[in-house]
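An overview of the molecular structure
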Amino acid sequence: MLNSYNSAMRYFADCHFHAMTMNHPNFAAFFASFYDSATGLLAGNATQNYIFTPQMLKGNNLLNTLENTLTAFERPIGETFMMMEDDLEGKFTSEGKESYAPLVPYIHMGRLSLRGMDFDKMIMIPLVMDFSQDQNENNRLYYSLPALDRITQYAEDTIEGMREYYRGHEDGLFEFYPFLGIDPKLHSLRFLDDLLTKYVDTSHFFHKDHAIPEKPFYGIKIYPPLGFCPWPSDKETLEKHRYLYSFCEKSRVPIITHCDDQGFRGVSAEEAWKLTDPAGWRTVLENYPGLVIDFAHYGKQYAYAMRNNIQSLSMRLRKMPDSPWFSTIISLMKDFSGVYADMSFSGCTDEFYRELRNYINEQDDETKALIRSRTLFGSDFSVNLLKIESYTQYYSIFENSVLSDEEVEAFASANPVSFLGLRERPQRRKALR
């Protein structure tokens, strides 16, 4: 068995977060996505209960939230990493009337403590997104640019951010296992091969002493709302997708794919929903059943148009997840051994955990065990600052949720190690004299 849980060293993992500067996203593609849909803005990120909650619209909350979020994004990546750990160490305070911070900071005495459980190190998975674009997307612009490779610089900036963190926090708990964003249709097969060969680790070893491996990326990040189709009809594009899937299956390199109906888009809202639907991955998994893939955000759907059906209504009445995509993910879990789901961003509210708990309680023992072994903790920081105030607050919501201690430990510790397939590096034997 490739992966083994290290009982001597206890890990807590954030399996899904973002660290980027304002230079990394492709804002031209984002604004262009609204040209194709009359409902683009309203059907997209402005959907009620995604960002624009009643609480958010009170007083100056919206402006304060945007300012807080942009302040986080303005920092270099290394500073963002250090800021996240400083937050868990209690170095920031909230001026809000209701304090969500723990009595003792989550990180103290050289460990992270949550629910009375102590963790020695933190597995951190920053997701590097592929914001590259081809020439066709630029041709209609007056100040058009040649085809842009935005992934290489973003990858190098992330590596440098890791170095900066290790220099600034020599005794820090964070150990980084980043995922490299790739959209094969935007690159040549040769470029794709070079990218995987140069950056992606296939050893599955735990880090040691804040060392950055020669190949520092431990998985692949997929982002359908920018235009990625899991199984494209174009023969040339499909060949590149097959190359990526074959590499990941053969080397057991895990994939994380975005799976809610919101977020940064490069196509219309309707097209993004079609591409993001987890049902589109069934063909992929039938062809590559050994793939290990995490469906981010647990398939949360905020747009009412996506949940306007009898099944969703029934689930709402029973106070369970009402997104059809959630049900699809559970179905894929049952059919394929490498399918996981994470709670990033969805865990910004207590309601998500209550609904997940209600759903699990109604399942048979086999399904309960399956979900508990395939669910991952993730934060979606810094994006989640659009809905909560801080990294610490996200941990507080998780800690105070209705989940059991066993589920908290599984979701944030054992399951992420299994998902990554991590193992201890063999010790060198001393030569016999």
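Residues numbered from 1 in each chain as written. Predicted model: local features only at pLDDT ≥ 70, side-chain atom pairs only at ≥ 80, totals over all residues. Heavy atoms only, no water.

1. A few points about the overall build of the protein chain
Each helix and strand counted, the protein chain has 15 helices and 12 strands in total. Looking at the protein chain as a whole, 56% of its 433 residues are labelled buried. The long-range fraction of contacts in the protein chain, counting pairs at least 24 apart against all pairs at least 6 apart in sequence, stands at 81%. Split by element, the accessible area of the protein chain, about 19800 Å² in all, is 51% carbon and sulfur. (Helix = DSSP H or I, 4+ residues; strand = E, 2+ residues; numbered from the N terminus. Buried < 20%, exposed > 50% of the residue type's maximum accessible area, 1.4 Å probe, protein only. Contact = heavy atoms within 4.5 Å. Areas by Shrake-Rupley, 256 points an atom, 1.4 Å probe, with all protein chains shown as cover.)

2. Considering unusual backbone geometry
The peptide bond linking F381 to S382 adopts the cis configuration, its omega dihedral lying at 5°. Tracing the backbone through its elements, the reader meets S382 in the loop between β12 (375-376) and α14 (391-399). For H297, which is not glycine, the phi dihedral falls at a positive 65°. Its identity is not glycine, yet Y298 carries a phi of approximately 55°, on the positive side. Note on placement: Y298 falls in the loop between β10 (293-295) and α10 (310-317). Classification of Y298 by relative accessible area gives buried; the value is 2%.

3. Re the packing of helix α12 (residues 350-361) against helix α13 (residues 365-374)
With their axes 9 Å apart at the nearest point, α12 and α13 run at an angle of 145° to one another. Across the interface between the two elements, R357, Y359, I360 and N361 from α12 touch K368, I371 and R372 from α13. Among the residues making up the contact of α12 with α13, the classes are represented as 3 nonpolar, 1 polar and 3 charged. (Axes fitted to C-alpha atoms, helices over the stretch in contact; angles between N-to-C directions. Nonpolar A, V, L, I, M, F, W, Y, C, P; charged D, E, K, R; others polar.)

4. Quick word on the packing of helix α4 (residues 77-88) against helix α5 (residues 151-168)
At a minimum axis distance of 7 Å, the contact between α4 and α5 shows a crossing angle of 45°. As judged from the angle between their axes, α4 and α5 are oblique. When the axes of α4 and α5 are compared, the crossing they make is right-handed. Facing α4, whose interface residues are I77, G78, E79, F81, M82 and E85, α5 presents Y154, D157, T158, G161, M162, E164, Y165 and G168. Taken together, the residues of the contact of α4 with α5 sort by class into 6 nonpolar, 4 polar and 4 charged. (Parallel < 35°, antiparallel > 145°, perpendicular 65-115°, else oblique. Left-handed = near helix turned anticlockwise from the far one by under 90°.)

5. As for the pairing of strand β11 (residues 339-342)
Side chains of β11 alternate between two faces, with V339 and A341 and Y340 and D342 buried alike. When β10 meets β11, the two strands line up parallel, connected through 3 bridges. Within the sheet, the bridge partner assigned to I293 lies in β11 and is V339. Summarising the sheet, β11 and β12 pair through 2 bridges and their orientation is parallel. Counted as the bridge partner of A341 is T375 from β12. (Pairing = 2+ DSSP bridges.)

6. So, the pattern of salt bridges
Within this structure, the stated rule accounts for 17 salt bridges. In this structure, R111 engages D118 in a salt bridge whose closest nitrogen and oxygen atoms are separated by 3.9 Å. When its relative accessible area of 32% is taken as the criterion, D118 is described as partly exposed. One salt bridge in this structure joins R318 and E362, with 2.8 Å as the shortest N-O distance. With R318 in the loop between α10 and α11 (324-335) and E362 in the loop between α12 and α13, this residue pair connects regions lying 44 residues apart in the sequence. (Salt bridge = Lys/Arg side-chain N within 4 Å of Asp/Glu carboxyl O.)

7. Description of the sheet that holds strand β2 (residues 107-108)
The antiparallel open sheet is built from 3 strands, whose spatial order is β2-β3-β4. On the outer flanks of this sheet lie β2 and β4 (117-119), each paired with one strand and no other. Pairing geometry for strand β3 (residues 111-114) and β4, over 3 bridges, is antiparallel. When the bridges of β4 are listed, L114 appears paired with M117.

8. Quick notes on the pairing of strand β5 (residues 121-128)
Most of β5 sits out of view: 7 of its 8 residues are buried. As defined by bridge partners, β5 adjoins strand β6 (residues 174-176) across 3 bridges and the pair is classed as parallel. Across the sheet, the residue bridging to M124 is F176, located in β6. When β5 meets strand β7 (residues 179-181), the two strands line up parallel, connected through 2 bridges. Residue pairing across strands places L127 opposite F179, the latter belonging to β7.

Without other data, these values stay purely geometric and don't point to any function.
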